[in-house]
Structures are given as structure tokens and as C-alpha cells.
Amino acid sequence: MIDTQAKMNAVAEMLEGTVIENSVGLEVQIKGSVSGFPATLQALRAGFPFGITYIVEVNVMEEGTQDDPLNMTIMPRYARGWFSFLTRLLLLESKGQAIGDKKFDSKFLLSFADHNIAERFIKYPGVMDRIDALQLNTKFSEMGVKSKAGLYLTQPTNFNSVNLDIVRVTFKTLGELGQVLFESF
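Everything quoted here is computed from the prediction, not taken from an experiment. (Residues numbered from 1 in each chain as written. Predicted model: local features only at pLDDT ≥ 70, side-chain atom pairs only at ≥ 80, totals over all residues. Heavy atoms only, no water.)

## Quick notes on the pairing of strand β6 (residues 108–112)
Here's step 1: Counting buried positions over the five residues of β6 gives four, a clear majority of the element.
Here's step 2: As paired strands, strand β5 (residues 71–76) and β6 are joined by five bridges and run antiparallel to one another. Within the sheet, the bridge partner assigned to M72 lies in β6 and is F112. (Buried < 20%, exposed > 50% of the residue type's maximum accessible area, 1.4 Å probe, protein only. Helix = DSSP H or I, 4+ residues; strand = E, 2+ residues; numbered from the N terminus. Pairing = 2+ DSSP bridges.)

## Examining the environment of D129
Here's step 1: Note on placement: D129 falls in helix α5 (residues 127–138).
Here's step 2: Among the residues examined, D129 registers a relative accessible area of 58% and is labelled exposed.

## Quick look at the packing of aromatic side chains
Here's step 1: Under the criterion given, the structure shown has four aromatic pairs.
Here's step 2: The interplanar angle of 35° and the centroid separation of 4.8 Å between the aromatic rings of F104 and F108 together place this pair among those described as tilted. As far as the burial class goes, F104 and F108 line up, both buried.
Here's step 3: In this structure an aromatic cluster arises from ring pairing among F104, F108 and F140.
Here's step 4: Above the plane of the ring of F159 lies K7, whose end atom (NZ or CZ) is 5.7 Å from the centre. (Phe/Tyr/Trp six-rings, centres within 6.5 Å; stacked < 30°, edge-to-face > 60°. Lys NZ or Arg CZ within 6 Å of the ring centre and 35° of its normal.)

## Quick look at the nonpolar core
Nonpolar side chains tend toward joint burial in soluble globular proteins.
Here's step 1: I30, F121, I131, M143 and F159 are the most contacted members of the largest nonpolar core, which has 47 residues in total.
Here's step 2: Ranked by residues supplied to this core, first place goes to helix α6 (residues 164–184) with six residues.
Here's step 3: Sequence-distant contacts of F159, that is, excluding residues within four places in its chain, are made with T4, K7, M8, V11, V28, I30, L41, A46, F50 and I52. (Core = buried A, V, L, I, M, F, W, Y, C linked by side-chain atoms within 4.5 Å. Contact = heavy atoms within 4.5 Å.)

## A word on the packing of helix α1 (residues 4–14) against α6
Here's step 1: The geometry of α1 relative to α6 is characterised by a closest axis approach of 11 Å and an angle of 30° between their N-to-C directions. By the criterion of interaxial angle, the relationship of α1 to α6 is roughly parallel. Crossing of α1 over α6 shows right-handed handedness. In this structure, α1 contributes K7, A10, V11 and M14 to the contact, and α6 contributes L164, V167 and R168.
Here's step 2: Class assignment for the residues of the contact of α1 with α6 results in five nonpolar, no polar and two charged. (Axes fitted to C-alpha atoms, helices over the stretch in contact; angles between N-to-C directions. Parallel < 35°, antiparallel > 145°, perpendicular 65-115°, else oblique. Left-handed = near helix turned anticlockwise from the far one by under 90°. Nonpolar A, V, L, I, M, F, W, Y, C, P; charged D, E, K, R; others polar.)

## Digging into α6
Here's step 1: End to end, α6 covers 30 Å across 21 residues, agreeing with the expected 30 Å (1.5 Å per residue, within 8%).
Here's step 2: Those residues of α6 that fall on the buried side of the exposure criterion are V167, T170, F171, T173, L174, G175, L177, G178, V180 and L181.
Here's step 3: Regarding α6, its N-cap is N163, as a side-chain oxygen of that residue lies 2.7 Å from the backbone nitrogen of D165 further along. (Expected span 1.5 Å × (residues − 1). Polar contact = N/O pair within 3.5 Å; in protein donor to acceptor, adjacent residues only side chain to side chain.)

## As for the sheet that holds β5
Hydrogen bonding along the main chain pairs the strands of a sheet, whether they run parallel or antiparallel.
Here's step 1: What the eight strands build is an open sheet, ordered β1-β2-β3-β4-β8-β7-β5-β6; its pairing is antiparallel. The sheet is open, and its two edges are formed by β1 (18–19) and β6, each paired on a single side.
Here's step 2: Alignment of β5 against strand β7 (residues 142–146), held across four bridges, turns out to be antiparallel. When the bridges of β7 are listed, M72 appears paired with V145.
Here's step 3: Against the sheet, α6 engages β2 (28–34), β3 (37–43), β4 (52–57), β7 and β8 (150–155), with an angle of about 150° to β8.

Next up, the structure:
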């Protein structure tokens, strides 16, 4: 039997934060910090079939600024090779927007507002490797990067089943990406 409360306390300790009790609509909500940025782990319910969401807040835009130059969503591609043509033909997977790196574009579906800024972020040294590592470790279903807000990642694994080492590595990697976002965007 999984002790959900003990696991939430372990994650809170990892993030040097606290478990938020009685949060509206969420069974699991833990707030803390990673790499100096506010971080949250949340889940609607701790068990199957609900996944978890990691959030790292990196507000790099000045107050009052309306534009959000970097607003990007990254999702893994499920169909590759000649299957990709077939799935697009059957409307099961979109083509996505290309970033200009053949290997990256074949692994991920991208959606972004400004091509030049999205390309600059993705091609920033180490970013592609970190996104690949996140996909390998978490099998994420969606990742978002917004210069006004920060980063989020949704993992289809439920909280009770997730490995705490995966949580630690995921937050560390998101913190590193947050640092890139903070310093360069």
C-alpha cells in the first residue's frame, strides 16, 4: 500500500517547501523552490488514471509588458517514419511546426508564436539535450515554455506510482531550463 502523505512529505522536503493541505480541486499540491524559482508539483488525484504536473515559475517579463515573445508547447511524436504520413492522413497527429533541426522535429511536435525566438530557445546550448532527457525520464505528454510564466510539464504517471528519483531529476532539469529562460529570454 502506498502512503500518499509520506510521499508528499518527501517531495516537499526535496523542494524545501510544504504540502498544501485542502487545496481546492487537487488531492496533491506541493510548493517549494528549485534553482531559486518557485516550483509546484500537483495532481488532481494521487492514483490512477490521473497524471502529475510540474511547474517552475520564471517570470522574466517586466510588469506591464503585454507581449509574450516565447510561448511554446512541446509534445512527443508518437508516429515516426512512414507511420507519420499515415497518422497525419487519418488526422490522428498534426504535422506541427518545424524548428529547423531534423532530429528534434522528428521526435517532437511544436507549437509556437514566434519562430525566431522559439528556434533561439530550442537551439540554445544544452536545451535540446535536456528536453530529450525529460522525455526519456518522464515520457511527458506536454511541456510548455512561456517567458511570462515559466515552464510546465505533464507526466501521465500517477503520483502514487512515480519514482521520487524521477521527480528529483525532472525538477532539476526544469530548473536548468528555467535558468536558461531567465538569463537569455
